[in-house]
Structure formats: C-alpha cells, structure tokens
Amino acid sequence: MEKKTRPTIITVIVVLTALTITRAQAIFFLPTLEMFGGISPDAWFAPWVTDSILGLLLPGIIYFLLKGKGLKTWAMLLIYSAIGAFDYANGLTTQWLHPLPEEIAASALVLTALTATLIFQIVVVYLLFKDKAIHYFLNMYSEESK
C-alpha cells in the first residue's frame, strides 16, 4: 500500500494558519474595555470577540487542514481564512481610529503584529485557490501533481 504524502502547499498553509494562534489571547483583553471599567476603547469589542472565537476554532481548523477532504472542508477553510483576514483588517482600522493605550500594548507592536498576520491570512486564502490545494482537498491529488 502506497503512502500518500501531503503536498508542500498544505504544509505552508498549516504553518501560516498556526501562526495566527496569538488571536486566542484576545479573550483576556475584553475586561480592559471601557464598558467593563478598563482603559481600552470600546471599539475593540468586536475585533476581540471575533479574535477570541477564531482563536478557539483554530485547533479544529488545523485538524481539517491536515485530515479533512472534500468541497465543504475546502470551502470552510477558505471562509475561515477570509473572515480571519477581514478581522485583522478591522483590527488595523480600529488601531488607527481608536488606538490602544500604551499600558495595554505599544502602537507599533499592534500595527506590526496585525499587518503580519493579515498578510499570513491573505496568503492562505491565495494558496487555497491554487490547483494543488484544491486537488488535495477534492481528493484529486496524486504524486504526479506534486
């Protein structure tokens, strides 16, 4: 029995997606919002809630990247990554319009981290549309298409 190997593009997608794990920590920032008596602008509520949800979903997403197959799986991964990219863009806009206090995080750090992870997510969306990724999830992958 021949063992199928995972194409390199899938490994790259997994690594880039895994690098967004830091979004899960956003749940711990929620108590710092002004509405809860903290010092962070309330404008961060939506980006942090979205980050928290996407961060909690990340282990499942990684599992489906590694083990999942089929059109529904591919579409789910694409939607997750597109929402993730939108969320990072929303975070950049929020930082620009309602910057976090320096006591929470330095503005340059926030902007750099959000820009990097936004790029990761955009690259993942792009890679998911590549033939090798589509073929992998739709079980059309063969050794010749490597």
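Description of the structure in this document. (Residues numbered from 1 in each chain as written. Predicted model: local features only at pLDDT ≥ 70, side-chain atom pairs only at ≥ 80, totals over all residues. Heavy atoms only, no water.)

Each helix and strand counted, the protein has 5 helices and 0 strands in total. Secondary structure elements in the protein, listed N-terminal to C-terminal, are α-α-α-α-α. If you line up the protein on its principal axes, its C-alpha atoms span 60 × 25 × 20 Å. Here the protein holds 146 residues, and 40% of them are scored as buried. Counting contacts in the protein only where the partners sit at least 6 residues apart, residues at least 24 apart contribute 73% of the total. Carbon together with sulfur atoms contributes 71% to the accessible area of the protein, which is approximately 8300 Å² in total. (Helix = DSSP H or I, 4+ residues; strand = E, 2+ residues; numbered from the N terminus. Buried < 20%, exposed > 50% of the residue type's maximum accessible area, 1.4 Å probe, protein only. Contact = heavy atoms within 4.5 Å. Areas by Shrake-Rupley, 256 points an atom, 1.4 Å probe, with all protein chains shown as cover.)

Our focus in this paragraph is the packing of helix 3 (residues 71–97) against helix 4 (residues 107–128). Close contact between helix 3 and helix 4 brings their axes to 9 Å; oriented N to C, the two are set at 155°. By the angle between their axes, helix 3 is roughly antiparallel relative to helix 4. At the point where helix 3 passes helix 4, the crossing takes the left-handed sense. Counted together, W74, L77, L78, S81, A82, G84, A85, Y88, A89, G91, L92 and Q95 of helix 3 and S107, V110, L111, L114, T115, T117, L118, Q121, I122, V124, V125 and L128 of helix 4 form the full contact between these two elements. (Axes fitted to C-alpha atoms, helices over the stretch in contact; angles between N-to-C directions. Parallel < 35°, antiparallel > 145°, perpendicular 65-115°, else oblique. Left-handed = near helix turned anticlockwise from the far one by under 90°.)

Let us look at the packing of helix 2 (residues 45–67) against helix 3. Contact geometry of helix 2 with helix 3 gives a least axis separation of 10 Å together with a crossing angle of 150°. With respect to helix 3, the axis of helix 2 lies roughly antiparallel. Helix 3 is crossed by helix 2, and the crossing has left-handed handedness. Facing P47, T50, D51, L54, L57, L58, I61, F64 and L65 of helix 2, the residues of helix 3 in contact are T73, M76, L77, Y80, I83, G84, D87, Y88, N90 and T94. Looking at the contact of helix 2 with helix 3 residue by residue, the class counts come to 12 nonpolar, 5 polar and 2 charged. (Nonpolar A, V, L, I, M, F, W, Y, C, P; charged D, E, K, R; others polar.)

The tendency in soluble globular proteins is for nonpolar side chains to be buried side by side. In terms of nonpolar packing, the biggest core is built from 21 residues, with I9, I10, I13, L65, L77, L128 and F137 touching the most fellow members. Listing elements by their share of this core, those giving two or more residues are helix 1 (8–18), helix 2, helix 3, helix 4 and helix 5 (131–137). Those residues in contact with F137 that sit more than four places away from it in its chain are I10, F64, L65, G68, K69, G70, T73, W74, L77 and L128. (Core = buried A, V, L, I, M, F, W, Y, C linked by side-chain atoms within 4.5 Å.)

Mapping L19 onto the fold places it in the loop between helix 1 and helix 2. By relative accessible area, L19 is classed as partly exposed at 43%. With near-sequence residues (within four places) excluded, L19 lies in contact with T117 and F120.

This part covers helix 4. With 22 residues, helix 4 extends 32 Å from end C-alpha to end C-alpha; this agrees with the ideal 32 Å at 1.5 Å per step. Residues V110, L114, T117, L118, Q121, V124, V125, L127 and L128 constitute the buried set of helix 4. On its buried side, helix 4 packs onto helix 1, helix 3 and helix 5. (Expected span 1.5 Å × (residues − 1).)

Below, the discussion takes up the packing of aromatic side chains. Overall, the coordinates contain 5 aromatic pairs when judged by the stated rule. When the centroid spacing of 5.3 Å and the interplanar angle of 40° are considered together, the rings of F29 and W48 count as tilted. Within this pair, whereas F29 is found in the loop between helix 1 and helix 2, its partner W48 is found in helix 2, the two being separated by 19 residues in sequence. Residue F29 is classed as partly exposed on the basis of its relative accessible area, which comes to 28%. Chaining the aromatic ring pairs together yields one cluster made of F29, W44 and W48. If you follow K69 out to its NZ or CZ, it ends over the ring of Y136, 3.1 Å from the centre. (Phe/Tyr/Trp six-rings, centres within 6.5 Å; stacked < 30°, edge-to-face > 60°. Lys NZ or Arg CZ within 6 Å of the ring centre and 35° of its normal.)

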